[in-house]
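Breakdown of the fold
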Amino acid sequence: MSSATMSRGRTRGVAVLVASILLIIGAVVYIAFARSNSSGGDFNGAGNGVEQVIEIPEGASLTAMGPALTEKGIVRSDKAFQNAAMTNPDADNIQPGFYRLQEKMSAKEAVAALLDPANKIDMLKIPGGLTLMDVKVVGGDTRFGIYSNISSVSCGSDGENKGCVKVQELHDVAANADPASLGVPEWALERVNEHKGDPKRLEGLIAPGEYIVDPSADAQMILTDLITRSADKYNSTDIVGRAQAVGLSPYDLLTAASLVEREAPEGEFDKVARVILNRLKEPMRLEFDSTVNYGLESVELATGDSDREKVTPWNTYAMDGLPKTPIASPSEEAIQAMEHPAEGEWLFFVTVDDKGTTVFSNTFEEHQANVQRAYDSGILDSQR
């Protein structure tokens, strides 16, 4: 064998040896990397600045949280998260909801972030009497409505979250989407369909309460979720049977209860409910200022003759019976007041001072005297 042949053989042998060593090193590195990802490896620090939204569902255990955080790239491994949770005595206090966390957080930082209320996305809070649209008060502030509150939850306090839901998107879906696809209950479909093109047509169909809203969902998904949950809530209380007992349809029960919500001071819900039923029975027009205001761009306690003459779907000075839709989200308390009104023959009521004192009367003459008391106190002075 020539020396050249022997040299080539040695070269090939060395190449094979080097390749084998590289393969072994690569395999060792891969195995170490895989193990670090699956069995306890951890990131360092408080994150890389890239934000992710994570949901902690109702009833979720710490064991269930780790995989979700790992999948989102927030923590490196489930094992690291479980270890960090075990060493934090407050970990069991992590609340359900949506959180904004950064990618590549150490497991310890992730647990701490889930315990920090600043990272929790606000719940959507809807009190009784809140309207879908914003309300501008003459000479005062703007009372933000349900659509604005949904957008605020979706977009965050600074309003800069990418892809969040804008108020106009909610208006468009509410006005034009198929009501059935939004979860509107069967007993409200016909009435809602009558007002296609108006975002107010869903008024009263999002029940008061606190809701966890997915900030990554679009306008249609959010409204569908809220309306479906509200319909389930109403139906679970036998809204159909309750309405029949009062002599109203379920939709009209919500509408009447919304008037109670907007007209009655605390403690007087059942008396205002009785006035509504007495007037409907007469029959006589309800003539509620709240129904006039509902169709105006800006509102105040006292309404003038020109506004009372405007024909709208809600103005009960210019129409018989109840408004065509609710004028707010009625609370369960207001609905119960319609079911169990106070005993009385009252046909009139007026708030006579800035303390909220409300006086009820049976005759127009008594009512006129009470209205004069209200004027004398200054409560009915117009700010326009």
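A quick note: this is a predicted structure, and the numbers were derived from the prediction, not measured.

Conventions we followed
Residues numbered from 1 in each chain as written. Predicted model: local features only at pLDDT ≥ 70, side-chain atom pairs only at ≥ 80, totals over all residues. Heavy atoms only, no water. Helix = DSSP H or I, 4+ residues; strand = E, 2+ residues; numbered from the N terminus. Buried < 20%, exposed > 50% of the residue type's maximum accessible area, 1.4 Å probe, protein only. Contact = heavy atoms within 4.5 Å. Pairing = 2+ DSSP bridges. UniProt positions renumbered as here; feature names shortened; annotations may be inferred. Phe/Tyr/Trp six-rings, centres within 6.5 Å; stacked < 30°, edge-to-face > 60°. Core = buried A, V, L, I, M, F, W, Y, C linked by side-chain atoms within 4.5 Å. Domains from an automatic or database assignment. Arc of directions from axis to C-beta.

**Quick look at the overall build of the protein chain**
Regarding its fold elements, the protein chain presents 15 helices and nine strands. Burial analysis of the protein chain (384 residues in total) assigns 44% to the buried set. At a minimum sequence separation of 6, the contacts of the protein chain that also span at least 24 residues come to 65%.

**Here we look at the sheet that holds strand S5 (residues 142-143)**
The strands that make up a sheet are held in pairs by hydrogen bonds between backbone atoms, and each pair lies either parallel or antiparallel. Spatially, three strands are ordered S5-S4-S7 in an open sheet, and the strand pairing comes out mixed. The strands lining the two open edges of the sheet, one partner per strand, are S5 and strand S7 (298-299).

**Digging into the UniProt feature "site: Important for catalytic activity" (unreviewed entry) in the protein chain**
In the numbering used here, UniProt assigns the "site: Important for catalytic activity" (unreviewed entry) feature to Glu263. By the secondary structure assignment, glutamate 263 is in helix H10 (residues 250-263). With residues up to four places along the chain from it excluded, the contact list for glutamate 263 reads Val272, Phe288, Asp289, Ser290 and Phe349.

**Describing the packing of aromatic side chains**
The final tally for this structure, using the stated rule, is six aromatic pairs. Summarising the aromatic geometry, the rings of tyrosine 294 and tryptophan 314 are spaced 5.0 Å apart at their centres and angled 75 degrees between planes, so their arrangement reads as edge-to-face. Placement of tyrosine 294 in the loop between helix H12 (289-293) and S7 and of tryptophan 314 in the loop between helix H13 (305-308) and helix H14 (332-339) is noted, with a sequence separation of 20 residues between them. Judged by its relative accessible area of 10%, tyrosine 294 falls in the buried class. Taking the centre distance of 5.6 Å and the plane angle of 50 degrees together, the rings of tryptophan 346 and phenylalanine 360 count as tilted. Residue tryptophan 346 is located in the loop between H14 and strand S8 (348-351), and its partner phenylalanine 360 is located in strand S9 (residues 358-361); the two are separated by 14 residues in the primary sequence.

**Looking at helix H3 (residues 78-87)**
Owing to its 3.6 residues per turn, the α-helix brings residues three or four apart onto one side. Restricting attention to buried positions, one finds in H3 the residues Ala80, Phe81, Gln82, Ala84 and Ala85. Packed against the buried residues of H3 are helix H2 (62-71) and helix H4 (107-115).

**With respect to the nonpolar core**
Counting 64 residues, the largest nonpolar core has Leu202, Val260, Ile276 and Met338 as the members making the most contacts within it. In terms of residue count, the dominant contributor to this core is H10 (seven residues). Of the domains in this structure, domain 2 (123-236) and domain 3 (238-377) are the two that each give at least three residues to this core. The residues touching methionine 338, leaving out its near neighbours within four places in the chain, are Val246, Leu248, Leu253, Ala256, Ala257, Val260, Ala273, Ile276 and Leu277.

**Brief notes about helix H9 (residues 239-246)**
What H9 keeps buried is the set Ile239, Arg242 and Ala243. Buried residues in H9, looked at end-on, bunch into an arc of 100 degrees, giving them a common side. Exposed positions of H9 whose direction lies more than 90 degrees from the buried face are Gln244 and Ala245. Against helix H7 (186-193), helix H8 (219-236), H10 and H14 lie the buried residues of H9. Once H9 ends, the next one or two residues include glycine 247, with phi positive near 85 degrees.

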